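# Fold and contact review
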Amino acid sequence: MRHLFFLALLVAGFDLTGGAQQFATREAHISFLSETPVEDIKAESQEASAILDVATGGLAFQVPILSFHFPKALMEEHFNENYMESAKFPKASFRGTVMGWDPDGDAQQEVVAKGKLDMHGVSVAREVTGTMTRTTSGWMIGATFSVPCTDHDIDIPKVVSENIAEVIDVTLTATLLPR
Amino acid sequence: MKHVSFLRASVALVFAGFALASPLSAQDDLMDFFDEPTGPQVVTSAFKAGRIINVQSPETSGKGEMNFIIAHRFGRISDGAYALWGLDNAQMRMGLDYGLTDRLQVGVARSSFGKTLEVNAKWRFLEQKSGGGSPVSLTGYSVLMRDGMRFPEDGIGRLGIHRISYVHQVVVARKFSPEFSLALIPSLVHRNLVDQPARANDVGTLGAGFRYKLNNRLSVNGEYHYLLPRPIPDDPELRNSLSLGLDIETGGHVFQLHITNSRGMFERSFLSETAGRWQDGDLYFGFNINRVFQVGSRR
């Protein structure tokens, strides 16, 4: 009997630690909006990745720039070629830590993630406010934040300055499942 | 004793199990998650516009995009001050290209040169991909041209079919770096009727074109088309086409400025009927304006 008990504990030990500490997805949704009186430009990606480590509060997002799709093909070309220079800087990422949250809480929590937003080759320290919700199988994360183009050396020439906002609103939602 | 040692081993293993997933390695694990390889990625935007200068680039209109191209080609620079170095004397071509998909485009155009009407189709049937995909893109282009000039009253019985000519070509392109792209373009010209016995109905050319980006909005372009030996002895008047230009992009427009020894702006003319000589100053200044409208849905 004792053998069985310890075997069960052994299995449980591996399961607890290996199974449920990290939650991740490769299908997170990120959209952004550039709002000006002339036109609104919206783009979406369904190919962002996200990973959360419950033990440390470590949180990271990454999205391929080429995965953003626009209603107009020309916008997409300009976005990749002229502004984000996706051949040189193929990915944008956020790496940080979730502060002041309860990993065991059931209700939706307001949280702050403190870390670095790396985009267009420029890394900027950011504190992003968002929400985290425990689901039966994982975590749902949502956040809305602003990115000033100048923070990341994204140059918007005068000739198009009426069409493209200086500050871009970014929205992300991710459903993370055990890794 | 045996039981005790088994117990110890079990406890040790349980702790080892916890330790394996311990917070110490958590940050590294997070980064590992992103390192997993993704599939080959399509390489886009080898050129800014649908044409390098005269000849087709691998680019097509996106799905639902209408590209309106107004092109001007002025007279010979060597005509001098009297003709304002050719500017008094412009030919133009108006074209509409429409993207049926992101890789298949159809178009119509009218050139004042020879009152030529064209219908064309362009299909990028293979994409260049990074990370283990095709090293080049392959794009097929076919155009049917109809000469609209009145037939001369010389007693020769010409038919409507004699106005027609065709060009088929393949654009083999590679974007070597964000700045530099190169294309090889073999072409076949077929004319149903030629105006002189010394001209062949079928002419092959081997062309090459490049673009080099000076910055995100400005690039230098060039193209050259070598006339392959023909079955009928060479017409001494014909030259290889050589063009140099600049692409300037401003939001919704691409302006292309160039100097070329070809007068016509459709394929049959610049590939197989170029007569100007660079060394004699038989050069034409010209420009293309590409204006894109999204008229259909992308999805």
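Moving on, we come to the overall build of chain B. If you tally the helices and strands in chain B, you get three helices and 14 strands. Taken across its 299 residues, chain B has 43% of its residues classed as buried.

Scanning the model with the defined rule gives 14 salt bridges over all chains in all. Salt-bridge contacts for Glu 267 of chain B lead to Arg 51 of chain B; the nearest nitrogen and oxygen are separated by 3.9 Å. One end of the pair, Glu 267 of chain B, is in helix H3 (residues 267-272); the other, Arg 51 of chain B, is in the loop between strand E1 (41-42) and strand E2 (65-76), and 216 residues separate them in sequence. Each member of the pair, Glu 267 of chain B as well as Arg 51 of chain B, carries the same accessibility label: buried. Its salt-bridge partner being Arg 103 of chain B, residue Glu 127 of chain B comes within 3.6 Å of it at the nearest N-O pair. With Glu 127 of chain B in the loop between strand E5 (116-126) and strand E6 (129-130) and Arg 103 of chain B in the loop between strand E3 (91-99) and strand E4 (104-111), this pair connects stretches of sequence that are 24 residues apart. Classification of Arg 103 of chain B by relative accessible area gives partly exposed; the value is 30%. When salt bridges that share partners are traced, they join Glu 81 of chain A together with Lys 175 and Lys 213 of chain B into one network.

The subject of this paragraph is the confidence of the model for chain B. Residue and element names in this part refer to chain B. Residue-level pLDDT values for chain B average 87, and 89% of them are 70 or greater. Across residues 17-26, where pLDDT falls below 50, the model places 14 contacts with residues more than four positions away in sequence or in other chains. Scoring the predicted complex yields pTM 0.81 and, for the interface, ipTM 0.75.

The next thing to look at is a nonpolar patch on the surface. Residues and elements named next belong to chain B. Together, Tyr 212, Leu 214, Leu 246, Phe 255 and Leu 257 line one region of the surface with nonpolar side chains, adding up to about 400 Å² of accessible area. For the nonpolar patch, the secondary-structure elements that each account for two or more residues are strand E10 (202-215) and strand E13 (253-260). By the secondary structure assignment, Phe 255 is in strand E13.

Residues and elements named next belong to chain B. What the 12 strands build is a closed barrel, ordered E2-E3-E4-E5-E7-E8-E9-E10-E11-E12-E13-E14; its pairing is antiparallel. Direction aside, the axes of adjacent strands within the sheet are offset by 20 degrees on average. Across eight bridges, E4 lies against E5 in antiparallel orientation. When the sheet's bridge partners are listed, Leu 104 is paired in E5 with Trp 123.

Moving on, we get to the side chain of Arg 191 of chain B. Residue and element names in this part refer to chain B. Locating Arg 191 in the fold gives a position in strand E9 (residues 180-191). Given the relative accessible area of 4%, Arg 191 is considered buried. Discounting residues that sit within four places of it in the chain, Arg 191 has contacts with Ile 164, Ser 165, Arg 199, Ala 200, Asn 201, Val 203, Arg 268, Ser 272 and Glu 273.

Time to look at the nonpolar core. Counting residues in hydrophobic clusters, the biggest one holds 45 residues, and the most contacted among them are Leu 52 and Phe 61 of chain A. Setting aside anything within four residues of it in sequence, one finds Leu 52 of chain A in contact with Gln 21, Gln 22, Phe 23, Gly 58, Leu 59, Val 98, Trp 101, Met 132, Trp 139 and Leu 176 of chain A together with Leu 30 of chain B. With 19 residues, the next largest nonpolar core counts Tyr 141, Val 143, Met 145 and Ala 173 of chain B among its residues.

Here we take up the pairing of strand E8 (residues 164-175) of chain B. Residues and elements named next belong to chain B. The pairing of strand E7 (residues 137-146) with E8 spans 10 bridges and is classified as antiparallel. Opposite Arg 146, over in E8, you have Ile 164 as the bridge partner. For E8 and E9, the ladder comprises nine bridges, and the chain directions are antiparallel. Bridging across to E9, Gln 169 finds its partner in Ser 187. Counting the residues in the hairpin turn of E8 and E9 gives four residues.

Parameters and conventions
Residues numbered from 1 in each chain as written. Chains lettered and ligands numbered in written order. Predicted model: local features only at pLDDT ≥ 70, side-chain atom pairs only at ≥ 80, totals over all residues. Heavy atoms only, no water. Helix = DSSP H or I, 4+ residues; strand = E, 2+ residues; numbered from the N terminus. Buried < 20%, exposed > 50% of the residue type's maximum accessible area, 1.4 Å probe, protein only. Salt bridge = Lys/Arg side-chain N within 4 Å of Asp/Glu carboxyl O. pLDDT = per-residue confidence, 0-100. Contact = heavy atoms within 4.5 Å. Patch = residues over 30% accessible without salt bridge, like charges linked within 9 Å, V, L, I, M, F, W, Y side chains within 5 Å. Areas by Shrake-Rupley, 256 points an atom, 1.4 Å probe, with all protein chains shown as cover. Pairing = 2+ DSSP bridges. Axes fitted to C-alpha atoms, helices over the stretch in contact; angles between N-to-C directions. Core = buried A, V, L, I, M, F, W, Y, C linked by side-chain atoms within 4.5 Å.

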